[in-house]
Amino acid sequence: MTAKEDRRASIKLTTVDDLFTTEEARNTQQKEQIKEIPLSDISDFLDHPFKVKADDAMLEMAESVKRYGVLVPVLVRPKTDGGFEMVAGHRRKKASELAGMESIPCIVRELDDDQATIIMVDSNLQREYVSPSEKAFAYKMKLEAMKRQGQRTDITSAQLGRKLGGKESRELLAEQVGESKNQISRYIRLTELVPQILEMVDDKQIAFSPAVEISYLAEKEQQALLETMQAEDCTPSLAQAQRMKKLSQDGKLNGDVILGIMTEEKPNQKEKLTIRKERIDKFFPQDFSEQQKEDLLVQLLENWYRRKQREREHDR
């Protein structure tokens, strides 16, 4: 047998598909077979920006996993120090834990940090609702990964460069997620907010546009603003946030200035009735929430109003 014939004999084609795939593709397919991996061997993605909450939707998913198992395998990558890192499937992993499962079906794929980051972000942006803070950190992580890929000189990044067609990373990201380049930048600005203010943005206590302006304040200034908002029970309008940003840039913003801006009457602000808590708390059970107190007060006022109406009608 000649050397050429020997090489031909060493190639084993087991299926028709093998005739039309490369050896590299076949090796990759073998590596990516689905495996059952213990949950304890899988760590969360480093700095994962998406929240995994044990809310009603998660409890429903856990019940489904308990009845039918995990129908779609998660994607993990091997860690250099052993075990695996989750890339796509954090919610399925949490549901499996709540369902009392010990392992989960996984696709194991060799991925570098940038490849894994892009897949992780893309898979989570498909959720029905993504909070502003999740978008902010996700966009930032993906954009940084895309920029690093564009700077590399290996074959993969060269292919990426041709795919970009001369577009910058921010422009390509904007097209992929359906946002403008400017909106991508505005979301990423939110990562400069202190955690407590960013949480208020997620809770819709602070509107998106004022939050972007606040992000330009120094951390000390943001803390002073937070204390003022909590003490005065108020949040800044867009105009107030823009004024504070300008004063910060001019080096003229401090706690007193913030207080003055936040306590000024806004053009569309209605007069509020304020009752000190210590005056009314003694009339409520200790376990009453603020909402329960408000509801009861309104109910008592409505009863009083109806009684006064009946008295007036009786006097006629």
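Throughout, a residue's number is its position along its own chain's written sequence, starting from 1. Confidence filtering applies because this is a predicted model: local features only for residues at pLDDT of at least 70, side-chain atom pairs given and counted only at 80 or more, and all residues used for totals across whole chains, interfaces and linings. With hydrogens and water set aside, each side-chain value is computed from the structure's full complement of heavy atoms.

1. Quick word on the overall build of the chain
Just so we agree on the cut-off: Every helix listed is a DSSP run of H or I at least four residues long, and every strand listed is a run of E at least two residues long, numbered separately from the N terminus. Contacts are residue-level and defined by heavy atoms, with any inter-residue pair within 4.5 Å sufficient. Each accessible area is a Shrake-Rupley estimate made with a 1.4 Å probe; only the visible protein chains count as cover when residues are assessed.
When you go through the chain residue by residue, the secondary structure sums to 16 helices and 5 strands. Sequence-distant contacts in the chain: of pairs separated by 6 or more residues, those separated by 24 or more amount to 70%. Roughly 21,300 Å² of accessible area belongs to the chain as shown, and the carbon and sulfur atoms make up 49% of that amount.

2. Thoughts on the pattern of salt bridges
Selection rule: What counts as a salt bridge is simple: a side-chain nitrogen of Lys or Arg found within 4 Å of a carboxyl oxygen of Asp or Glu. Per-residue accessibility, obtained with a 1.4 Å probe over protein chains only, is compared with the maximum for each type, and a residue is labelled buried under 20%, exposed over 50%, and partly exposed between these values.
Enumeration over the complete set of coordinates arrives at 14 salt bridges. A salt bridge links Lys93 to Asp44, with the shortest nitrogen-to-oxygen separation between them at 3.8 Å. Of this pair, Lys93 sits in helix H4 (residues 90-98) while Asp44 sits in the loop between strand E2 (42-43) and helix H3 (56-68); the two residues are 49 residues apart in sequence, bridging distant segments of the chain. You can call Asp44 partly exposed: its relative accessible area is 46%.

3. What about the packing of aromatic side chains?
For any pair of aromatic rings, the description consists of the separation of the ring centres together with the inter-plane angle of the planes. Keep this limit in mind: Only rings of Phe, Tyr and Trp enter the pairing, Trp through its six-membered ring, and a pair is recorded when the two centres are within 6.5 Å. The plane angle decides the type: under 30 degrees is stacked, over 60 is edge-to-face, the rest tilted.
For the structure shown, the criterion picks out 3 aromatic pairs. Geometrically, the ring pair formed by Tyr139 and Tyr187 is edge-to-face, given 5.6 Å between the ring centres and 90 degrees between the ring planes. On the criterion of sequence distance, the pair formed by Tyr139 in helix H6 (residues 132-151) and Tyr187 in helix H9 (residues 181-189) is long-range, its members being 48 residues apart. Judged by its relative accessible area of 2%, Tyr139 falls in the buried class. Joined through ring pairs, the aromatic side chains of Tyr139, Tyr187 and Phe208 make up one cluster.

4. Some points on the side chain of Ser131
Inspection of the secondary structure assignment puts Ser131 in the loop between helix H5 (113-124) and H6. The class of Ser131 is buried, set by a relative accessible area of 7%.

5. A few points about the environment of Ala62
Tracing the backbone through its elements, the reader meets Ala62 in helix H3. Judged by relative accessible area, Ala62 falls into the buried class, the value being 7%. When the C-alpha atoms of Ala62 and Ala99 are compared, they prove to be 5.1 Å apart, with 37 residues separating the residues in sequence. For Ala62, the residues in contact, after removing those within four places along its chain, are Ala95, Leu98 and Ala99.

6. Digging into H5
Note the following rule: What a helix should span is 1.5 Å times the count of its residues minus one.
If you check H5, its first and last C-alpha atoms are 17 Å apart, about what 12 residues at 1.5 Å a residue would give, namely 16 Å. Those residues of H5 that fall on the buried side of the exposure criterion are Asp114, Ala116, Thr117, Ile118, Met120, Val121 and Asn124.

7. Looking at the confidence of the model for the chain
Put simply, the rule is: Across the chain, each position has a pLDDT score giving the predictor's confidence in that residue, from 0 to 100.
Per-residue pLDDT for the chain has a mean of 83; in total, 81% of the residues score no lower than 70. Taken element by element, the predicted model of the chain shows its lowest mean pLDDT in helix H7 (residues 155-164) (40) and its highest in helix H11 (residues 208-214) (96). Note that pLDDT drops below 50 for residues 3-21; the model gives that stretch 6 contacts with residues more than four away or on any other chain. The low-confidence segment residues 153-163, where pLDDT is below 50, has 7 contacts with residues more than four positions distant or belonging to other chains.

8. Things to note about a nonpolar patch on the surface
Heads up, the condition is: For patch detection, residues must exceed 30% relative accessible area and be free of salt bridges, and they are connected within 9 Å for like charges or within 5 Å for nonpolar side chains (Val, Leu, Ile, Met, Phe, Trp, Tyr).
A surface patch of nonpolar side chains, amounting to about 370 Å² of accessible area, comprises Tyr68, Leu71 and Val72. Turning to its location among the elements, Val72 is positioned in the loop between H3 and strand E3 (74-78).

9. Concerning the packing of helix H12 (residues 219-232) against helix H14 (residues 255-262)
For clarity, the threshold we go by: Only C-alpha atoms enter the line fits that serve as axes; for helices the fit covers just the stretch in contact. Angles between N-to-C directions range over 0 to 180 degrees. Working rule for angles: under 35 degrees goes down as roughly parallel, over 145 as roughly antiparallel, 65 to 115 as roughly perpendicular, anything else as oblique. In this scheme, a crossing is called left-handed if the near helix is turned counterclockwise away from the far one by less than a right angle; it is called right-handed if the turn is clockwise. In the scheme used here, Gly and all other residues not listed as nonpolar or charged are polar, with Ala, Val, Leu, Ile, Met, Phe, Trp, Tyr, Cys and Pro taken as nonpolar and Asp, Glu, Lys and Arg as charged.
Viewed as axis vectors pointing N to C, H12 and H14 meet at an angle of 40 degrees, and their least axial separation amounts to 9 Å. The angle between H12 and H14 falls in the class oblique. Of the two elements, H12 crosses H14, and the hand of that crossing is right-handed. Every residue of H14 that contacts H12 at Glu221, Ala224, Leu225, Thr228, Met229 and Glu232 is listed here: Gly255, Ile258, Leu259 and Met262. When the residues that make up the contact of H12 with H14 are grouped by side-chain class, the tally is 6 nonpolar, 2 polar and 2 charged.

10. What to know about the environment of Val76
Tracing the sequence through the fold places Val76 in strand E3. C-alpha separation for the pair Val76 and Val87, spaced 11 residues apart in sequence, amounts to 5.1 Å. Residue contacts for Val76: discarding those within four places in its chain leaves Ile37, Ile42, Phe84, Glu85, Met86, Val87, Cys106, Ile107, Val108 and Arg109.

11. Let's talk about the sheet that holds E2
Each strand in a sheet pairs with another by means of backbone hydrogen bonds, the pair being arranged parallel or else antiparallel. The test is simple: Strands qualify as paired when DSSP identifies two bridges or more between them.
Taken together, the 5 strands give an open sheet; going across it, the order is E1-E5-E3-E4-E2, and neighbouring strands pair in mixed fashion. Edge positions in the sheet fall to strand E1 (34-38) and E2, since each has one partner strand and no second. As judged from the 3 bridges shared by E3 and strand E5 (residues 103-108), these two strands associate in the parallel manner. Bridged to Leu75 within E5 is Ile107. Along the sheet face, H4 touches E2, E3, strand E4 (84-88) and E5 and points at about 115 degrees away from the line of E4.

12. A closer look at unusual backbone geometry
The phi angle at Asp47 is positive, at roughly 60 degrees, despite the residue not being glycine. Along the chain, Asp47 turns up in the loop between E2 and H3. In this structure Asp47 comes out as exposed when scored by relative accessible area, which is 59%. A positive phi angle, close to 55 degrees, is found at Asp233, a residue other than glycine.

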